[in-house]
Amino acid sequence: MAYFLVSTEHLENRLWFRDDQDYNTGMNFVAIVANSVRVNVLAFILMSNHVHFVLSCEEEEALLFITRFKGCYSRYVWDKYGEKDFLRRNPVDIKHLDADNESLERAIAYVLMNPVAANICQHPVLYPWGTGDAYFNETPIKGTKICQLSDRARRRILHSKKEIQKSCILGEEGYILPRSYVDTAFVESLYQTPKRMNFFLMSSSKAQQRLERKAIPSFRDQSLLNASLDLCRTLFRRNSPKELTTEQIVLLLREMRWRFSADINQLSRILGLTYKDAAKLFETPNI
């Protein structure tokens, strides 16, 4: 069996997940697609504009997994937001991991530390949309087994008719809990102890990024997206940034930068702009 780090490229001017329901749906699709492709999921994280997975499988199965995952989520986006082919041009990178030189441990740590590097939380156990709290966790899993739900309830919650592992448990949060299907036993045996796992987490490249920035915790993309809509209504009497003039977009960028200390990368993907366009607008002389 081989191991792979599967990642999508960061979307520059849009978000994968715009609200908690989107995240919950993405969480459920991980379990559904993993069951259909028959891959072992070791770790994953769903960030606002990209995703990462560490899988135990063959390379063609890793590619099939991410292809189907993107396909399922794209169909969901089309149904909910009316956006067709949402992830068609979102490139994928698949890296083979060697289990004998600690690259597997480092890859899992890299994946889990993404929200920490983004200053969303202080430790991966605090981030709900991934496997940060799945390992060395002796707390009993609370929820409802998927097999106990009616077919109608299962389709409504999961947004899919596909079969899923009977052991999967739906948590109170509204998504399938990773601990009920992720291969946590293998990951725990890989790291051996919580202390050793924490060493890899804190020494990962993502942890170093956070230390170098020395920044205060950031607002989540979804929080800023909602704030941008509120500001559009309050300042310009418009429902969304798409309805604003160029001058109003400039004012909105500056207002959000001042209010939330958000950087241009974050503002560009929230407002649907390329980084180049957002930077150019932000540098526009006072109007």
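Everything that follows concerns the structure shown earlier in this document.
This write-up is about the structure you can find in this document. The structure presented is a predicted model; accordingly, all values stated were derived computationally and were not measured.

## With respect to the overall build of the protein chain
Secondary structure assignment for the protein chain yields 12 helices and six strands. A compact globule built from 287 residues would reach a C-alpha radius of gyration of about 19 Å, and the protein chain, at 20 Å, matches this within 12%. In the protein chain, of all internal contacts separated by at least 6 residues, the share reaching a separation of at least 24 is 72%. A total accessible area of about 15000 Å² is found for the protein chain, and carbon and sulfur atoms account for 48% of it. When the 39 positive and 34 negative side-chain charges of the protein chain are each reduced to one mean point, those points stand 5 Å apart.

## Observations regarding the packing of aromatic side chains
Enumeration according to the criterion identifies 15 aromatic pairs in this entry. Here the aromatic rings of Trp16 and Phe17 are separated by 5.6 Å at their centres, their planes lie at 45°, and the arrangement is tilted. Each member of the pair, Trp16 as well as Phe17, carries the same accessibility label: buried. The lysine or arginine in question, Arg14, covers the ring of Phe86, its NZ or CZ lying 5.0 Å from the ring centre. Over the face of the ring belonging to Tyr81 we find Arg18, whose NZ or CZ atom lies 4.0 Å from the ring centre.

## Describing the nonpolar core
Within the largest apolar cluster, 74 residues are counted, with the highest numbers of intra-cluster contacts made by Leu46, Phe53, Phe65 and Phe69. The biggest single contributor to this core is helix α1 (residues 20-37), with nine residues. Setting aside chain neighbours within four positions, we find Phe69 in contact with Trp16, Gly26, Phe29, Val30, Val33, Leu46, Val51 and Phe53. By size, the runner-up hydrophobic cluster in this structure holds 21 residues, among which are Leu252, Ile264, Leu273 and Ala279.

## Focus on the pairing of strand β3 (residues 51-57)
Of all seven residues that make up β3, seven are buried, and the element is covered over most of its length. Burial along β3 is two-sided: the face carrying Val51, Phe53, Leu55 and Cys57 and the face carrying His52, Val54 and Ser56 are both buried. Where strand β1 (residues 2-8) and β3 come together, six bridges link them in antiparallel fashion. Bridge pairing in β3 links Ser7 to His52. Pairing of strand β2 (residues 40-46) with β3 involves six bridges; the strand directions are antiparallel. If you follow Val41 over to β3, its bridge partner there is Leu55. Between β2 and β3, which follow one another and run antiparallel, lie four residues.

## Points about the side chain of Arg154
Within the secondary structure, Arg154 is located in helix α5 (residues 151-158). Residue class for Arg154 comes out buried when judged on its relative accessible area of 18%.

## Details of the environment of Asp221
Considering the arrangement of structural elements, one finds Asp221 in helix α9 (residues 221-236). Distance in space between the C-alpha atoms of Asp221 and Tyr135 is 27 Å, their sequence separation being 86 residues. Contact partners of Asp221, with chain neighbours within four places excluded, come to Leu15, Ser48, Gln266, Arg269 and Ile270. Within polar-contact distance, the side chain of Asp221 engages the side chain of Gln266 at 2.8 Å.

## As for the packing of helix α3 (residues 103-112) against helix α7 (residues 194-202)
Two elements in contact, α3 and α7, have axes whose closest approach is 8 Å; the angle formed by their N-to-C orientations is 65°. Considering their axes alone, α3 and α7 lie roughly perpendicular with respect to each other. For the pair α3 and α7, the crossing hand works out as right-handed. Counted together, Glu105, Arg106, Ala109 and Leu112 of α3 and Arg196, Met197, Phe200 and Leu201 of α7 form the full contact between these two elements.

## Concerning the state of the cysteines
On inspection of all chains with the given rule, the structure shows zero disulfides. No disulfide involves Cys57; its sulfur sits 16 Å from the nearest other cysteine sulfur, which is in Cys72. Given the relative accessible area of 1%, Cys57 is considered buried.

Each value, and the rule that gives it
Residue indices begin from 1 for each chain and proceed along its sequence in written order. Local features in a predicted model are, by the rule used here, given only for residues with pLDDT of at least 70; side-chain atom pairs are given and counted only at 80 or more, and totals for whole chains, interfaces and linings are based on all residues. For side-chain calculations, the full set of non-hydrogen atoms in the structure is used, while hydrogens and water are omitted. Working definition: helices are DSSP H or I runs of at least four residues, strands are E runs of at least two. Numbering for both runs from the N terminus. C-alpha atoms define the radius of gyration in this analysis, and the globule rule sets the expected value at 2.2 Å times the number of residues to the power 0.38. Every residue pair with non-hydrogen atoms within 4.5 Å of one another is taken to be in contact. In this description, accessible areas are obtained by the Shrake-Rupley approach with a 1.4 Å probe, and a residue is regarded as covered only by the protein chains that are shown. A positive count includes Lys and Arg, and a negative count includes Asp and Glu. His and the chain ends are not counted in either. Lys charges are placed at NZ, Arg charges at CZ, Asp charges at CG and Glu charges at CD. Whether two aromatic rings pair depends on their centres lying within 6.5 Å, for rings of Phe, Tyr and Trp, where Trp uses its six-membered ring; planes under 30 degrees apart make the pair stacked, over 60 edge-to-face, and the rest tilted. Three labels apply to residues, based on accessible area from a 1.4 Å probe with only protein chains included: buried if under 20% of the type maximum, exposed if over 50%, partly exposed otherwise in between. Cation placement over rings: the criterion is NZ of Lys or CZ of Arg within 6 Å of the ring centroid and within 35° of the ring normal. Buried Ala, Val, Leu, Ile, Met, Phe, Trp, Tyr and Cys residues form a nonpolar core when they are joined through side-chain atoms within 4.5 Å. In this scheme, strands are said to pair when DSSP sees at least two bridges between them. Counted as a polar contact is a pair of N or O atoms within 3.5 Å, where, for protein atoms, one must be capable of donating a hydrogen and the other of accepting one, and residues adjacent in sequence contribute only when both atoms are in side chains. Only the contacting stretch of a helix is used when fitting its axis, a line to C-alpha atoms as for every element, and angles between N-to-C directions run 0 to 180 degrees. Relative orientations are named as follows: roughly parallel for angles under 35 degrees, roughly antiparallel for angles over 145 degrees, roughly perpendicular for angles from 65 to 115 degrees, and oblique for any other angle. Helix crossings get a hand from a simple test, with the near helix turned counterclockwise from the far one by less than a right angle marking a left-handed crossing and a clockwise turn marking a right-handed one. Counting rule for disulfides: a pair of cysteine sulfur atoms within 2.5 Å.

Nothing here speaks to function; it is geometry throughout.
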